[in-house]
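Inside the fold
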There are 2 protein chains.
Amino acid sequence: MSGPEDTVRLAHGGGGRLTRELVGDVFARALGNPILNRMDDAATLELQGRLAFTIDSHVVSPLFFPGGDIGRLSLTGTVNDLAVMGAAPLYISAGFIIEDGFAIAKLERIAQSMRAAAREARVQVVAGDTKVVEQGAADGLFITTSGIGVIPAGVHISAAGARPGDAVILSGSLGDHGIAILSQREGMKFDVELKSDCAPLGEMVRQMLEATPRIHAMRDPTRGGLAALLNEIALAAGVSIEIDEAAIPMRAEVRGACELLGLDPLILANEGKLVAFVASQDAERLLEAMHSHPLGTGAAVIGRVLRPGETGPGDDASRSPATAAATPDTGSRSRNRVYARTVMGSRRVVQMPAGEQLPRIC
Amino acid sequence: MSGPEDTVRLAHGGGGRLTRELVGDVFARALGNPILNRMDDAATLELQGRLAFTIDSHVVSPLFFPGGDIGRLSLTGTVNDLAVMGAAPLYISAGFIIEDGFAIAKLERIAQSMRAAAREARVQVVAGDTKVVEQGAADGLFITTSGIGVIPAGVHISAAGARPGDAVILSGSLGDHGIAILSQREGMKFDVELKSDCAPLGEMVRQMLEATPRIHAMRDPTRGGLAALLNEIALAAGVSIEIDEAAIPMRAEVRGACELLGLDPLILANEGKLVAFVASQDAERLLEAMHSHPLGTGAAVIGRVLRPGETGPGDDASRSPATAAATPDTGSRSRNRVYARTVMGSRRVVQMPAGEQLPRIC
């Protein structure tokens, strides 16, 4: 039986002795390293060059799900935001907001999971903060992680970098994280347990850049899924994109769950996948590099950036049924559009999803 | 009257069109700059040298208080953690966790307040993230900020750096933030409104380091107050410290409120103060530099780090009444202790506060 001794209490957030004990017993034990252990107000790091810097708050519900938990997710989420900028992820800081009454055993499990993910990603957690709020003022635990990485010379990746003619490469099966979370929430059962794809992409990206440093744009399809990612790139780069739905790798369970739940697979969140834009002559070499890494064995070219003049015929295409009602088309007729060639051979417009369908997915 | 149109909704956290709109209308409008506006997965920064890197989650309640709000607090809190390491604060990232139904007008006010604080602190907000949780899953708004600064050559500040004989300098009046928040919560009224001291300390620290780069240790007395800060330094540096209560600058209203509420002023949180440890021969020069900055006009030497052998007589001193019951003394008899010379001339041990007294102060 667990008593109040086994839970986080408000006093653990007071900045005094109990805060020190919680940080020492749970976080420093799991995540400790010479920089973190100094417990200074800020970590000091020796770095130079072009740095990538990012932050992500994680509010996923439930906290534990097939294939991961909020600890692994918060670590890999930030690592991946650095990786898709071409950076070698190095240092992470983490802010914990904990609800009074949260079991310390659960917190330990989550810290251990962050530790394992940090090792996998070859990063160190060098700074942290713990706050506690009263019962009902937060839903268990939120973790915000910030990260720093170093971008190698010669690498210039940006959402705005996608160019006409580029191949669009997806690193593996779409939608595993989104459906793993949803199935956990809805109590859905599959013959084979569907797991989140939650994994750190830094090492695969390193291999990709070794094969060709000339990746133009890269992003991970998390919240909002592939549909949001492609629309963001189209807008940032001022291009239109066409993907081929039949070319998108997807597990049968994910496809089935989408049909059951009436979801467009293109809006499902992923936590261990990326989409890269490269000149078509570099695509083969990049694919090879991805296939040689465990997280990229399913990588495939799923589309291309259209050249000016290629965008006309599809404009009268029917809209995606999942998003057409929510997002009236207010853009120009033919620029910065995302099209999908359907399995039936027709062409539809893939809209930026509005956002209401999948709360607290990460 | 405000309708659902004027509030943040779950869909604003979905990563699609509504997320983009919220980020564009509220955050980019208030905080935009060329780096943030790229809206890449991570900001890219050109930096070199020794960097400071920190993170802080902010859960202050109420969100708006005399002298500031959660926006100003979250910006200055992280800036100050960089500053007390001697770093010039440069870049901030911010993660927002928002409760469904939060008024967009309030969010705009908070973003504007961050903007003003960022200008004051001469930092840029270069990366951000927005998550929305359902009603009842968070208390309005939490902001986690992470920051990067550059530490000038020759500066080596660490909690472990305090040395026997060092002067202990406090930059101004103690407890303003803590009492401002508590009075707002409790509905207390003062003749003169007591404001939080919430302010960015980077510029004052720059002037201090110009006067003497040989500051040994520095920290800001936030959660846990001066009592926690001094105990942390004593532990990290393996020294004992004595302060003189009569030398501590404090407003009459703060002193009065502490008596009324039965609080030890030494545990009150501050958000625009710092404590510096320097060799006694450097103290006068450092004080002068602090006095010449608006945030340091009240700076005073409040104590010193004891030399070996100086710690004996006080060990039988009575404990702080506010903390003695909660924190049994388990340390060694005479090392790593903090003493206070009381206004009555006796000496008491200042314990590390346990932490339960002041939840959600920052």
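The structure displayed is predicted, hence computed values, not measured ones. (Residues numbered from 1 in each chain as written. Chains lettered and ligands numbered in written order. Predicted model: local features only at pLDDT ≥ 70, side-chain atom pairs only at ≥ 80, totals over all residues. Heavy atoms only, no water.)

1. Quick look at the domain arrangement of chain A
Residues and elements named next belong to chain A. Domain annotation for chain A reports domain 1 (4-151) and domain 2 (159-349). On a C-alpha basis, the centres of domain 1 and domain 2 stand 29 Å from each other. At the interface, 22 residues of domain 1 touch 23 residues of domain 2. With both chains or domains summed, domain 1 and domain 2 bury close to 1700 Å², and 63% of this area falls on carbon and sulfur atoms. Looking at the side of domain 1 facing domain 2, the largest losses of area belong to Pro-66, Asn-80 and Val-84, adding up to 35% of the total buried there. Taken together, domain 1 and domain 2 are joined by 1 salt bridge. In this structure, Arg-122 engages Glu-203 in a salt bridge whose closest nitrogen and oxygen atoms are separated by 3.7 Å. (Domains from an automatic or database assignment. Contact = heavy atoms within 4.5 Å. Buried area = accessible area lost by both parts, 1.4 Å probe. Salt bridge = Lys/Arg side-chain N within 4 Å of Asp/Glu carboxyl O.)

2. Looking at the pattern of salt bridges
Under the definition given, this model contains 44 salt bridges over all chains. Asp56(B) is the partner of Lys131(A) in a salt bridge, and the nearest nitrogen-oxygen pair spans 3.7 Å. Highlighted residues: Lys131(A) in strand 5 (residues 124-133) and Asp56(B) in strand 1 (residues 43-58), drawn from two different chains. No difference in accessibility class separates Lys131(A) from Asp56(B), as the two residues are buried. Across the pair Lys273(B) and Asp197(B) runs a salt bridge whose closest N-O atoms are separated by 2.9 Å. Here Asp197(B) lies in the loop between helix 5 (176-186) and helix 6 (202-211) and Lys273(B) lies in the loop between helix 8 (252-261) and strand 10 (275-278), a separation of 76 residues in the sequence. In this structure Asp197(B) comes out as buried when scored by relative accessible area, which is 10%. Salt bridges sharing common partners tie together Asp40(A), Asp41(A), Arg219(B) and Glu232(B). (Helix = DSSP H or I, 4+ residues; strand = E, 2+ residues; numbered from the N terminus. Buried < 20%, exposed > 50% of the residue type's maximum accessible area, 1.4 Å probe, protein only.)

3. A look at the pairing of strand 10 of chain B
Residues and elements named next belong to chain B. Taking every second residue as pointing to the same face, both faces of strand 10 are buried, with Val-275 and Phe-277 on one and Ala-276 and Val-278 on the other. The pairing of strand 7 (residues 167-170) with strand 10 spans 4 bridges and is antiparallel. Across the sheet, residue Leu-170 finds its bridge partner in strand 10, namely Val-275. (Pairing = 2+ DSSP bridges.)

4. Topic: the relation of the copies chain B and chain A
Between the two copies, chain B and chain A, the superposition gives an RMSD of 0.0 Å; the rotation angle is 180° and the shift along the axis is 0.0 Å. Taken together, these values place the two copies in the relation of a two-fold axis. Comparing interface residues between copies, 100% of those in chain B also sit at the interface in chain A, which points to an isologous, same-surface contact. (Least-squares fit on C-alpha atoms with pLDDT ≥ 70 in both.)

5. Points about the packing of helix 3 (residues 70-83) of chain B against helix 4 (residues 104-121) of chain B
Residues and elements named next belong to chain B. Where helix 3 meets helix 4, the axes come as close as 7 Å, and the angle between the chain directions of the two elements is 30°. By the angle between their axes, helix 3 is roughly parallel relative to helix 4. The element helix 3 and its partner helix 4 pack so that their crossing is right-handed. In this structure, helix 3 uses Ile-70, Gly-71, Arg-72, Ser-74, Leu-75, Thr-76 and Val-79 to contact helix 4, whose residues at the interface are Ile-110, Ser-113, Met-114, Ala-117, Ala-118, Glu-120 and Ala-121. Residues of the contact of helix 3 with helix 4, tallied by class, amount to 8 nonpolar, 4 polar and 2 charged. (Axes fitted to C-alpha atoms, helices over the stretch in contact; angles between N-to-C directions. Parallel < 35°, antiparallel > 145°, perpendicular 65-115°, else oblique. Left-handed = near helix turned anticlockwise from the far one by under 90°. Nonpolar A, V, L, I, M, F, W, Y, C, P; charged D, E, K, R; others polar.)

6. Some words on the environment of Val59(A)
The residue Val59(A) is located in the loop between strand 1 (43-58) and strand 2 (64-65) in this model. The buried category is assigned to Val59(A), whose relative accessible area is 1%. Sequence separation between Val59(A) and Val343(A) is 284 residues, and the spatial gap between their C-alpha atoms is 35 Å. Ignoring anything within four residues of it in the chain, the contact list for Val59(A) reads Phe142(A), Arg360(A), Cys362(A), Ile97(B), Lys131(B) and Val133(B).

7. Observations regarding helix 1 (residues 17-31) of chain B
Residue and element names in this part refer to chain B. Taking 1.5 Å per residue as the helical rise, helix 1 with its 15 residues ought to reach 21 Å, and the 20 Å between its terminal C-alpha atoms agrees with that figure. Gly-24 marks the point of greatest bend in helix 1, at about 40°. Where helix 1 is buried, its residues touch helix 2 (34-37), strand 4 (88-99), helix 4 and strand 5 (124-133). (Expected span 1.5 Å × (residues − 1). Bend = angle between axes of the 7 residues up to and from the residue.)

8. Overview of the interface of chain B and chain A
Facing the 78 residues of chain B at the interface are 78 residues of chain A. For the pair chain B and chain A, the summed buried surface comes to about 6100 Å²; carbon and sulfur atoms form 56% of the total. It is Asp41(B), Phe53(B) and Arg223(B) that lose the most area in chain B upon contact with chain A, and together they represent 14% of the buried surface on that side. Put simply, chain B and chain A have 10 salt bridges between them. We note a salt bridge from Asp41(A) to Arg219(B), for which the minimum N-O separation is 3.2 Å.

9. A short note on unusual backbone geometry
Residues and elements named next belong to chain A. A cis amide bond, omega 0°, links Ser-61 with the succeeding residue Pro-62. Tracing the sequence through the fold places Pro-62 in the loop between strand 1 and strand 2. At Met-39, a position not held by glycine, the phi torsion is positive, near 50°. Mapped onto the elements, Met-39 comes out in the loop between helix 2 (34-37) and strand 1. Positive phi, close to 55°, is recorded for Asn-336, a residue that is not glycine. Its place among the elements puts Asn-336 in the loop between strand 11 (300-305) and strand 12 (338-341). On the accessibility criterion, Asn-336 (25% relative accessible area) is partly exposed.

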